[in-house]
Amino acid sequence: MAHHHLRLSTTATTTTTTTSSSPRSDPPHPPRHDLVSPFGKLDGLDDDDFREAAYEVFFTACRSSPGFGSRSVVAYYNAASLDDGGDGSSSFGSGPGSPLKPPGVGMAVTSRVKRALGLKMIKRPPPSRRNSLSNSNNNNNNNPSSPGGGGSPRVGFTVPGAAEAGRMRRPKTSAEIMRQQMGVTEQSDNRLRKTLMRTLVGQMGRRAETIILPLELLRHLKPSEFSDAHEYHQWQKRQLKILETGLIIHPSIPLDKSDPSAAKLRSILKSAETKAVDTGKNSETMRALCNAVVALAWRSPDGGPTDICRWADGYPLNVEIYLSLVRSIFDTKDETLVLDEVDELLELMKKTWSTLGMNRSMHNLCFAWVLFEQYVVTGQCETDLLGASLTMLAEVGNDAKKVDREEVYVKMLACVLSAMKKWCEKRLLDYHGNFDKGTVGIMENIVPLVFSAGKILEEDVPCYVTSPQEKGDDYSSGNKVDYYIRSSSRNVFAKMLEDQNANGTTIIEAAKVSEVLIKLARETEELASKEKDIFSPVLKKWHPVSAGVAAATLHSCYGTLLKQYLTGVSSSSSSSLMNETILVLQRAGKLEKVLVQMVVEDSADCEDGGKAVVREMIPYEVDTIILKLLKQWIQEKLKLGKENIQRAKETETWNPKSKTEPYAHSASEMVRFAKESIESFFEIPVNVSENLVYDLTDGLEHLFGDYITFIASCGSKQSYLPTLPPLTRCNRDSKFLKLWKRAACKVGLEDPSHTMNGGSDQGNHPRPSTSRGTQRLYIRLNTLHYILSKLHSLDKTLSLSPKVTPPKSRFGNRRQLGSSYFEHSRSAIKAATQHVSEVAAYRLIFLDSGPVFYSSLYVGDVVNTRIKPALRILKQNLTLLCAIVTDRAQPLALKEVMRASFEAYLMVLLAGGGSRIFSRLDHAMIEEDFESLKRVFCACGEGLMGEDEVAREAETVEGVVALMGESTERLVEDFSIVACESSGMGVGVAGFGRKLPMPPTTGRWNRTDPNTILRVLCHRDDRAANHFLKRTFHLAKRGGSFG
């Protein structure tokens, strides 16, 4: 039915009798539409077939009406002389009782039907006059297809007054209008007239419903009356298909499947597919066809005799044929207009009811459908047609209430109203896309049409299945409109989202999602405003809070999209994406406020003030989500920081990043990570609370603490201290030295003291002995001070940021005025710096400088193993230290080196093992060496260490050196006193037969420590000391090794 509304213009008459097909020319295609026929599709038949059949039935039923008479010698005027302005559409001649004067063949000037339906009259231009009858006659002579020019013969005489009548333009007859409206060619019309004339010979009073028209046409029309065999065959197949559809496929009376007449008809139809049936008088096939058709058509419901043949009254064939008739009421020049002659045309169409099995109720239903259909197929531009269809539905509603309804009518009613309702609801379910400011008035007709159709279906159509939205006791027009509003709002929102994707794909790039959501929020706000201004005034007639419902629906749609978006970005810690997410949330919050305000305003007159609709709107909770996202972002950042630290632990080599950046590469990464995290945090377009800042800084402090602990994980000084040798009494001429000197005399070897000094060349040209490991410890020191310096910058950034919202209560502020966000990190760096400096110093002195310091100083004797070579190496090492360690770290590093040097010197004096022997005479040299050692640190750097500081650290060593200048007797006496005091025995107890206790080794050397004095005695080279140690503690003599 897609092209059923096409009409042939009045200029579409044929120009030759030799064309191979019907010479109709189709007008331009109408706008496409999605209206589906409620009657389905009959296989093998199209709109043209129905149109031809409809005209044949119509003409047959109206043959006795004025203007439908057969052509005869009394038809004084040919078609060309009486047509509408010479456009080629002919009159059908005047019947015996038809008057010749124009007023007798015209239609009513005004239309009662159009007035009742609210349709406007067609304004025609005033009629023009002919120049002369001879001009039209000349045209006819030049047109071989016209009746007067090569067609059927005409009478050659002239009736008096004919010329004058020909000059006047008369209104068209009903037959002329219908032929023109239905696009029937003159050849087809002539063939139909001839058939009826031959059929009704001697039977002029025969009723139309007793004529099996397709059979009569097949009997009386021969192939010679068509342009060629193909045209005849196609025409014959159409007639046979009409018979098959009306008698076998869709008969009005059910047909037994084993009916022999039906089987015979099917056989003939099958053979006719490839070859035309012989319709001659002597044709057995034609005789069999006639018998089968007559037998099938003259059946009655009860099997008894009947006076009506049934060949076109089966549903839906009868409806399709009748619809083709009713569609002819529309003007071919403007298909949105109904002809002014519609009253008389509809009255004539009633004559077909007996043939087609129609009645007034079915006519009203078909008329309502055709008006509605025409509104749709003509581009929905003429709202009068929609209004007329709505008016006819009122008649349909009255008909539907009748108790004597036929079953076929109820079936038609369900199909037609369901199709109308479905099409209208499809528009209403997306009214934002189908209507605008200029066409919103159409909704005022569509909405009541839906309600009217729905009401009839629900009340008067048994077993009508309602949609899920129509179920329930509280279903009303308001609920329907509520459903339309929600559906259309969802559809237009989906369309807006689809329009954002320019390339037509279904997935929008992640980088554009935030931008799309922000733009979508703005468009949603505009859409809500449009709803309020344009659609709500119309829909409020059926729904009191239509704008509020639309706002709630849009709120839900955007909320769903927002939720999906937030789910997608929740796993990302990208700062840029976080910023975009915050912007999206802020824009969503603004949209939510607008929509909620719209609901409140629209619900002002409601009993609950719109609370029900507002409760339906699930809040976006923008502030809560932003806070959650910020915390989640912080956690993701801290997690990334932990990964960086773990990677540093696995890969850090503690080599300087560069000459100008003498700290670990991982430290710069750590600081950069913290800086970028803080900057990114404040780049997020939202103010943050002080507590949220602490969530970030506490996490960063934890990371810094972990990294500082990693830096300080470099061992301890104890691992570099040599093991204390056992206490022994001095034996000057030990076996080792005797054997060494004896061997040296034989082979010319040097004294072991010289060998341990490293040789004279090394002493004249010393080189730094700082190992790579010690230098890496210096890098650790630099790294700690680098982090410390950057913490101040981070503190400043945090303190001065204008985006930090201070706590409302002073008790909520965790940070004291002027304090740092990284106090714990600062304390940890201070402790770590002390530890690393200490470890580096002990490694430098005891490991790197061990060969020239602890391992060789004063070995054998003091005179030949003085401290000078070790001091040269020490100076070089200190110079290298100052070159590597940053200025801020140098004082502590040098101080720890000094402490380590002093401790090493004490260990040489007190725990140097059996290779070291001192006499009281060595005191001066030892004292001088220590003074030299002190001067090295006093002179190191530019005021890095003051003399007072060096003196304080040297007091312990100087006290021990002073002990070495004491006499043995004095040392023994002092030892006895302090040993007794420290053990709790009391002074002088040892002289009364009590044995002196062995003092424990504490490692804290000083001149008042009994263990320190005992060690001085153990290294004293004289008999008194040796005797005291042997007698008091039974100490063994030294063996042949270097302690």
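Note that the structure is predicted; figures quoted are calculated from it, not measured.

*Asks:* Can you walk me through the overall build of the chain in this structure?
*Replies:* Secondary structure summary: the chain contains 39 helices and two strands in total. When each of the 1043 residues of the chain is scored for burial, the buried share is 51%. Of all intrachain contacts in the chain linking residues separated by at least 6 positions in sequence, the fraction that spans at least 24 positions is 80%. Entry remark: accessible area of the chain is about 49400 Å², with carbon and sulfur atoms responsible for 52%.

*Asks:* Could you clarify how one ought to interpret the side chain of R63 in this entry?
*Replies:* Inspection of the secondary structure puts R63 in the loop between α1 (47-61) and α2 (79-82). Buried charge R63 goes without a salt bridge, the closest partner of opposite sign being E209 at 7.2 Å. Polar side-chain contacts of R63 include one of 3.0 Å to the backbone oxygen of T60.

*Asks:* Please clarify how the packing of aromatic side chains should be interpreted in this entry.
*Replies:* Note on aromatic pairs: each is described by the distance of the centres and the angle between the planes. Tallied over the full model, the rule gives 29 aromatic pairs. Aromatic pair Y55 and F59: ring centres 5.9 Å apart, planes at 40 degrees, arrangement tilted. Of the two residues, Y55 and F59 both sit in helix α1, four residues apart, roughly one turn of that helix. Residue Y55 shares its accessibility class with F59, and that shared class is buried. Ring geometry for Y707 versus F710: centroids 6.1 Å apart, planes at 50 degrees, classification tilted. Of this pair, Y707 and F710 are both found in helix α27 (residues 690-712), three residues apart, which corresponds to roughly one turn of the helix. Take Y707 and F710: they sit in the same class, and that class is buried. An aromatic cluster of at least three residues, connected via ring pairs, comprises Y858, F902, Y905, F918, F930 and F937. R916 extends its terminal NZ or CZ atom over the ring of Y854, reaching a point 5.3 Å from the ring centre.

*Asks:* Whenever I open this one, the environment of I779 confuses me. Can you help?
*Replies:* Here I779 shows up in helix α31 (residues 772-800). In this structure I779 comes out as buried when scored by relative accessible area, which is 3%. Sequence separation of I779 and P662 is 117 residues, and the distance between their C-alpha atoms is 6.4 Å. Contact partners of I779, with chain neighbours within four places excluded, come to W654, N655, P656, P662, Y663, A664 and I884.

*Asks:* Would you take a moment to explain the pattern of salt bridges for this structure?
*Replies:* Enumeration according to the criterion identifies 42 salt bridges in this entry. In this structure, R219 engages E216 in a salt bridge whose closest nitrogen and oxygen atoms are separated by 3.1 Å. Of this pair, R219 and E216 both sit in helix α8 (residues 213-220), separated by three residues, roughly a single helical turn. Judged by its relative accessible area of 8%, E216 is buried. Across the pair R327 and E373 runs a salt bridge, and its minimum N-O distance is 2.8 Å. Remark: E373 occurs in helix α15 (residues 360-377) and R327 occurs in the loop between α12 (317-326) and α13 (342-349); sequence separation between them is 46 residues. E373 sits in the buried class, given a relative accessible area of 2%. Look at the salt bridges and you will find they share partners, linking D48, R51 and E52 into a network.

*Asks:* Could you clarify how one ought to interpret the confidence of the model for the chain in this entry?
*Replies:* Scored by pLDDT, the chain comes out at a mean of 80, with 79% of its residues at no less than 70. Segment residues 70-108: pLDDT under 50, and 100 contacts once partners within four positions in sequence are set aside and those in other chains are kept. Predicted confidence for residues 744-764 stays below pLDDT 50, and this span has 21 contacts to residues more than four positions away or in other chains.

*Asks:* Looking at this model, I keep getting lost on the packing of helix α10 (residues 260-272) against helix α11 (residues 284-297). Mind explaining?
*Replies:* Angle between the axes and distance between the axes: these two values describe a pair of packed helices. Close contact between α10 and α11 brings their axes to 9 Å; oriented N to C, the two are set at 135 degrees. Put simply, α10 runs oblique to α11. Here α10 and α11 pass one another in a crossing that is left-handed. In this structure, α10 contributes S261, A262, K264, L265 and I268 to the contact, and α11 contributes T285, A288, L289, A292, V293, A295 and L296.

*Asks:* So what exactly am I meant to see when it comes to the environment of A951 here?
*Replies:* Considering the arrangement of structural elements, one finds A951 in helix α36 (residues 947-963). For A951 and K934, which are 17 residues apart along the polypeptide, the C-alpha to C-alpha distance reads 8.0 Å.

*Asks:* I'm lost on unusual backbone geometry in this one. Help?
*Replies:* Generally, phi is negative for residues other than glycine and the peptide bonds are trans, each holding for most cases. At the junction of Y315 and P316, the peptide bond is cis and its omega measures out at 10 degrees in the coordinates. Within the element layout of this structure, P316 appears in the loop between α11 and α12. Of note, the phi angle at Q380 is positive, near 55 degrees, even though the residue is not glycine. Residue position: Q380 is located in the loop between α15 and α16 (383-400).

*Asks:* Please clarify how the environment of H785 should be interpreted in this entry.
*Replies:* Position of H785 among the secondary structure elements: in helix α31. In this structure, the C-alpha to C-alpha distance between H785 and T886, residues 101 residues apart in sequence, is 8.1 Å. Apart from the residues within four sequence positions on either side, H785 is in contact with T833, T886, R888 and A889.

*Asks:* Just to check I follow, could you spell out the packing of helix α9 (residues 229-249) against α11 for this structure?
*Replies:* Packing of α9 against α11 leaves a shortest axis separation of 10 Å and a crossing angle of 35 degrees. Along this stretch, α9 crosses α11, giving a crossing that reads as left-handed. Counted together, L240, L243, L247 and I248 of α9 and L289, V293, L296 and A297 of α11 form the full contact between these two elements.

*Asks:* Explain the side chain of N364 to me, please; I cannot follow it from the model alone.
*Replies:* For N364, the location among the structural elements is in helix α15. What N364 contacts, discounting residues up to four positions off in sequence, is M392, E395, V396 and D399.

Basis of the calculations
- Residues numbered from 1 in each chain as written.
- Predicted model: local features only at pLDDT ≥ 70, side-chain atom pairs only at ≥ 80, totals over all residues.
- Heavy atoms only, no water.
- Helix = DSSP H or I, 4+ residues; strand = E, 2+ residues; numbered from the N terminus.
- Buried < 20%, exposed > 50% of the residue type's maximum accessible area, 1.4 Å probe, protein only.
- Contact = heavy atoms within 4.5 Å.
- Areas by Shrake-Rupley, 256 points an atom, 1.4 Å probe, with all protein chains shown as cover.
- Lys, Arg positive; Asp, Glu negative; His and termini not counted.
- Salt bridge = Lys/Arg side-chain N within 4 Å of Asp/Glu carboxyl O.
- Polar contact = N/O pair within 3.5 Å; in protein donor to acceptor, adjacent residues only side chain to side chain.
- Phe/Tyr/Trp six-rings, centres within 6.5 Å; stacked < 30°, edge-to-face > 60°.
- Lys NZ or Arg CZ within 6 Å of the ring centre and 35° of its normal.
- pLDDT = per-residue confidence, 0-100.
- Axes fitted to C-alpha atoms, helices over the stretch in contact; angles between N-to-C directions.
- Parallel < 35°, antiparallel > 145°, perpendicular 65-115°, else oblique.
- Left-handed = near helix turned anticlockwise from the far one by under 90°.

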